[in-house]
Amino acid sequence: MASQSGTFYEEQFRVCVMQRMSEGKSTDLKSFQQQLIDENKKEYATINSAYLKVKKELLG
């Protein structure tokens, strides 16, 4: 798979949050992060950075 930008993964996290909220379910970003890493092992650093950025946006 081609290398993805951090913005792509940030958007994936945001979509996950919005989808889970619309379903009335709690969101576990850590498990979603692990799923992304399992699917894109070479993108670990980019995915982790996107996770931290979105987490900071959510928690302030």
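Scroll up a little and you will see the structure.
Every value quoted in this text rests on a predicted model; they were computed, and no experiment measured them. Residue numbers run consecutively from 1 along every chain, following the written order of its sequence. Owing to the predicted nature of the model, reporting of local features is limited to residues with pLDDT of at least 70; listing and counting of side-chain atom pairs is limited to 80 or more, with chain, interface and lining totals taken over all residues. Here the side-chain values reflect all heavy atoms present in the structure, with hydrogen atoms and water set aside.

Chemist: Describe in detail the environment of Gln4, supporting the description with residues and values.
Modeler: Each helix is a run of H or I in the DSSP string that is no shorter than four residues. Each strand is a run of E no shorter than two, and both are numbered from the N terminus. Mapped onto the elements, Gln4 comes out in the segment before α1 (6-22). Residues Gln4 and Ser26, spaced 22 residues apart in sequence, show a C-alpha to C-alpha distance of 27 Å. Those residues in contact with Gln4, other than ones at most four positions away along the chain, are Tyr9, Glu43 and Thr46. We call two residues contacting when some pair of their heavy atoms lies within 4.5 Å.

Chemist: Summarise the nonpolar core; cite the residues concerned and give the values.
Modeler: The biggest cluster of nonpolar side chains holds twelve residues, and these are Tyr9, Phe13, Cys16, Val17, Leu29, Phe32, Leu36, Ile37, Ile47, Ala50, Tyr51 and Val54. Going through the elements one at a time, α1, α2 (29-39) and α3 (44-59) are the ones with two or more residues in this core. With residues near it in sequence (within four places) discarded, Tyr9 still touches Gln4, Leu36, Asn40, Glu43, Thr46, Ile47 and Ala50. We call a set of buried residues a nonpolar core when its members are Ala, Val, Leu, Ile, Met, Phe, Trp, Tyr or Cys and they connect through side-chain atoms within 4.5 Å of each other. The rule is simple: take the accessible area with a 1.4 Å probe, protein chains only, and divide by the maximum for that residue type; under 20% is buried, over 50% is exposed, in between is partly exposed.

Chemist: With reference to specific residues and values, describe the packing of α1 against α2.
Modeler: Any two packed helices are characterised by the angle at which their axes cross and by the distance between the axes. Only the stretch in contact is used when a helix axis is fitted, and all axes are lines through C-alpha atoms; the angle between N-to-C directions ranges over 0 to 180 degrees. Across the interface, α1 lies against α2 with an axial gap of 11 Å and an inter-helix angle of 135 degrees. With respect to their mutual orientation, α1 and α2 come out oblique. Two packed elements cross with a definite hand, and for α1 against α2 that hand is right-handed. Where α1 approaches α2, its residues Tyr9, Gln12, Phe13, Cys16 and Val17 are matched on the opposing element by Leu29, Phe32, Gln33 and Leu36. Counted by class, the contact of α1 with α2 contains seven nonpolar, two polar and no charged residues. What sets the label is the angle itself: under 35 degrees gives roughly parallel, over 145 gives roughly antiparallel, 65 to 115 gives roughly perpendicular, and the rest give oblique. If you view the pair so one helix is near and one far, a crossing is left-handed when the near helix is turned anticlockwise from the far one by less than a right angle, and right-handed when it is turned clockwise. Basically, the charged four are Asp, Glu, Lys and Arg, the nonpolar ten are Ala, Val, Leu, Ile, Met, Phe, Trp, Tyr, Cys and Pro, and anything else, Gly included, counts as polar.

That is the geometry; function is a separate question.
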